[in-house]
Amino acid sequence: MPEPQRNAPRLPLAVLGAVSLLGYVFASLGLAGSGSAEDIRYFLTLFAGLFALYFLALSWARRGAITGARSLVPQILMWAALFRLAMLPAGLPQDSWPRDLLADLRSQEVTYRSHLLYDNDVWRYLWDGHVLSHGLNPYATSPAEFEARLDDEEPIAVDLFEDELWQDVFDRVSYGTYHTVYPPAAQGLFALSHLLAPGSILLWKLILVVLDLATCYLLVRLSRSRGLTPSSVLLYAWNPLLIKEIAGSGHLDAAMIYFLVLAVYGVEFGRPRLGLFAFGMATLSKITPILLLPLFLVRSRPRHWWVLGVTLAVGYLPFAGALDTMVRAILAFAREWVFNPGPWLLIYRTAEATGLPGRVIASLIGLAVTLGLIAWAVRSDDRSNAHLTSSAFAILGGYLIFGAAVMPWYLLWVLPFAALSLPPDGRLSRRPWVIAWTALTGLSLLSYQIYVDQVEHRWWLWVEYLGFFGIFAAAYAYCRSARLRSAALQNADA
């Protein structure tokens, strides 16, 4: 049999990368971001095309299994970096954006619109960093309470609002009556951003892009360790939802994902103290990784557990005076926030129709599913790296699917574990859950239609979740059929 041409996939992948880059440039500079029906329609059409290119690229990258896998990785990472850089201006007015970028980076004025591709969490990040820079505890006082103290002309409040830039940032903060829910490592990143360029959206996005590209590098190392094809790296690095939410909208989740993947890296490469430190930092970035605690503890000796304890203590001790306020804010979020739910809403409606407390029943079932998945993961744990990856996928995925608040960017938590769950030959068809989850990252963009009329229409929830479960069912049936055919052929040969 002749040896395959090792460079065969490069040109098609380069074409797909170049066309995708044009799409991201248009998303960043061409979309109005107004939330009108027409604007949302353009947004969804554009990202549907980007997802189509993404799946084509996955197909081409899989061929790296037989055509020189490593030769594709630099190109995958190069395009991944360019996609993210292209999205940095997202949220700026469509005219004179070079000047606006410079003014933002110099902390001269607020030049980004209030919503960055239909998200505005970033303003709370900047505000928390501003509060920290004045030596204040961001958990102790809400933005609205600072405004009330400004009305009373308290010196500290006057100092916070002295620069007009911070009045503009404050005006863009949503849910200002709520105390911050972002844990200490997140606050540290907010403070770092403020130290380097106070109030700069561009600088904040650059920090996230660096963390996100660092995650891509860790996935390269992990995929090579496991003998995976470049498609495992591409599945994460080229995902359009990831690029939109991190580089485009500036979501903090890039930090949690980086530290969580670094924790897996520490485990896989025999560095347990690094793994526990990184896991602690992931939990200090967002609290959700705590669900994976048993998986990481059993992969290190008890004499190393102090690393995790010290990491958490060092993170929380500076804010100890207002931790009760933070806990209440987190509980308020869990109690009140409902967005883009799937099975949770179905259970809620069913319970309400029968006279039962719908929210309580739906939340308890979601909790039971999550605890059940954790129990399964612990009981079946063979201490392998593959089990760590598949269990993290199942636990975080189950938690989200049965959750009340399923923000699109939350789906990114599972993406690196989906990438590491691919088989060595890179065939998506052999991993039904990976196919379904990757498709869900695209279907979740339908939820942005809420900006048209501020109403969460049920039809897109049906499309999103029936699409997810339907794609999984079809992929599972295909996979099972393929296995049966393969077994039949082997029996016939025998």
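Note that the structure is a prediction, hence the values are computed from the model and not measured.

The rules we used
Residues numbered from 1 in each chain as written. Predicted model: local features only at pLDDT ≥ 70, side-chain atom pairs only at ≥ 80, totals over all residues. Heavy atoms only, no water. Helix = DSSP H or I, 4+ residues; strand = E, 2+ residues; numbered from the N terminus. Buried < 20%, exposed > 50% of the residue type's maximum accessible area, 1.4 Å probe, protein only. Contact = heavy atoms within 4.5 Å. Areas by Shrake-Rupley, 256 points an atom, 1.4 Å probe, with all protein chains shown as cover. Lys, Arg positive; Asp, Glu negative; His and termini not counted. Charge placed at Lys NZ, Arg CZ, Asp CG, Glu CD. Core = buried A, V, L, I, M, F, W, Y, C linked by side-chain atoms within 4.5 Å. Patch = residues over 30% accessible without salt bridge, like charges linked within 9 Å, V, L, I, M, F, W, Y side chains within 5 Å. Salt bridge = Lys/Arg side-chain N within 4 Å of Asp/Glu carboxyl O. Polar contact = N/O pair within 3.5 Å; in protein donor to acceptor, adjacent residues only side chain to side chain. Phe/Tyr/Trp six-rings, centres within 6.5 Å; stacked < 30°, edge-to-face > 60°. Lys NZ or Arg CZ within 6 Å of the ring centre and 35° of its normal. Axes fitted to C-alpha atoms, helices over the stretch in contact; angles between N-to-C directions. Parallel < 35°, antiparallel > 145°, perpendicular 65-115°, else oblique. Left-handed = near helix turned anticlockwise from the far one by under 90°.

### Some words on the overall build of the protein chain
When its secondary structure is counted, the protein chain shows 25 helices and 0 strands. Over its C-alpha atoms, taken along the principal directions, the protein chain stretches across nearly 85 × 50 × 50 Å. A buried classification covers 54% of the 494 residues belonging to the protein chain. Sequence separation of 24 or more characterises 77% of the internal contacts of the protein chain that already satisfy a separation of 6 or more. Counting every atom, the protein chain has about 21,000 Å² of accessible surface; 64% of that belongs to carbon and sulfur. Here the protein chain contributes 37 positively and 36 negatively charged side chains, and the mean placements of these two sets differ by 18 Å.

### Looking at the nonpolar core
In terms of nonpolar packing, the biggest core is built from 155 residues, with Trp 123 and Trp 238 touching the most fellow members. For Trp 238, the contacting residues outside a window of four places in its chain are Leu 13, Gly 17, Tyr 24, Tyr 54, Ala 57, Ile 76, Trp 79, Ala 80, Phe 83 and Ile 243.

### Observations concerning unusual backbone geometry
Look at Glu 153: it is not a glycine, yet its phi comes out positive at around 60 degrees. Phi at Tyr 175 takes a positive value of approximately 55 degrees, unusual for a residue other than glycine. Its location among the elements puts Tyr 175 in the loop between α9 (164-172) and α10 (184-196). The class of Tyr 175 is exposed, set by a relative accessible area of 53%.

### Overview of helix α19 (residues 343-353)
Among the residues of α19, Pro 343, Trp 344, Leu 345, Ile 347 and Ala 351 are the ones counted as buried. Two residues or fewer past α19, Gly 355 is found with a positive phi of approximately 85 degrees.

### Overview of a nonpolar patch on the surface
A surface patch of nonpolar side chains, amounting to about 310 Å² of accessible area, comprises Met 78, Leu 82, Leu 85 and Leu 206. With 3 residues, helix α4 (residues 73-86) is the single largest residue contributor to the nonpolar patch. Summarising the element assignment, Met 78 is placed in helix α4.

### Observations concerning the environment of Trp 305
Within the element layout of this structure, Trp 305 appears in helix α17 (residues 305-316). Taking C-alpha positions, Trp 305 is 9.4 Å from Phe 277, a pair spaced 28 residues apart along the chain. In this structure, Trp 305 is in contact with Leu 276, Leu 297 and Ser 300, ignoring residues within four places of it in sequence. Within polar-contact distance, the side chain of Trp 305 engages the backbone oxygen of Leu 297 at 3.2 Å.

### Focus on the packing of aromatic side chains
Scanning all chains against the criterion turns up 38 aromatic pairs. Taking 5.8 Å as the distance between ring centres and 85 degrees as the angle between the ring planes, the aromatic pair formed by Phe 51 and Tyr 54 counts as edge-to-face. Placement of both Phe 51 and Tyr 54 in helix α2 (residues 37-62) is noted, with a separation of 3 residues, approximately one turn of the helix. We classify Tyr 54 as buried; its relative accessible area is 1%. Here the aromatic residues Tyr 24, Phe 43, Phe 47, Trp 79, Phe 83, Tyr 118, Trp 238, Tyr 448 and Tyr 451 are joined through ring pairs into a cluster of three or more. In this arrangement the basic side chain of Arg 172 is found over the ring face of Trp 123, its NZ or CZ atom lying 5.3 Å from the centre. Arg 221 extends its terminal NZ or CZ atom over the ring of Phe 269, reaching a point 5.2 Å from the ring centre.

### Side note on the pattern of salt bridges
Scanning the model with the defined rule gives 13 salt bridges in all. Note that Asp 128 is salt-bridged to Arg 124, the shortest N-O span being 3.4 Å. Of this pair, Asp 128 and Arg 124 both sit in helix α6 (residues 122-133), 4 residues apart, roughly one helical turn. With a relative accessible area of 9%, Arg 124 lands in the buried category. The partner of Glu 268 in a salt bridge is Arg 226, and the shortest N-O contact between them spans 2.7 Å. With Glu 268 in helix α14 (residues 253-268) and Arg 226 in the loop between α11 (201-225) and α12 (231-237), this pair connects stretches of sequence that are 42 residues apart. Taken as a pair, Glu 268 and Arg 226 share a single burial class, namely buried.

### A word on the packing of helix α15 (residues 272-285) against α17
In a packed pair of helices, the relevant descriptors are the angle between the two axes and the axis-to-axis distance. As a packed pair, α15 and α17 sit with axes 8 Å apart at the nearest point and diverge in direction by 30 degrees. When the axis of α15 is compared with that of α17, the two are roughly parallel. Helix-helix and strand crossings are classified by hand; for α15 and α17 the assignment is right-handed. From α15, Arg 273, Leu 276, Phe 277, Phe 279, Gly 280, Met 281, Thr 283 and Leu 284 reach across to α17, where they touch Trp 305, Trp 306, Val 307, Leu 308, Thr 311, Leu 312, Gly 315 and Tyr 316.

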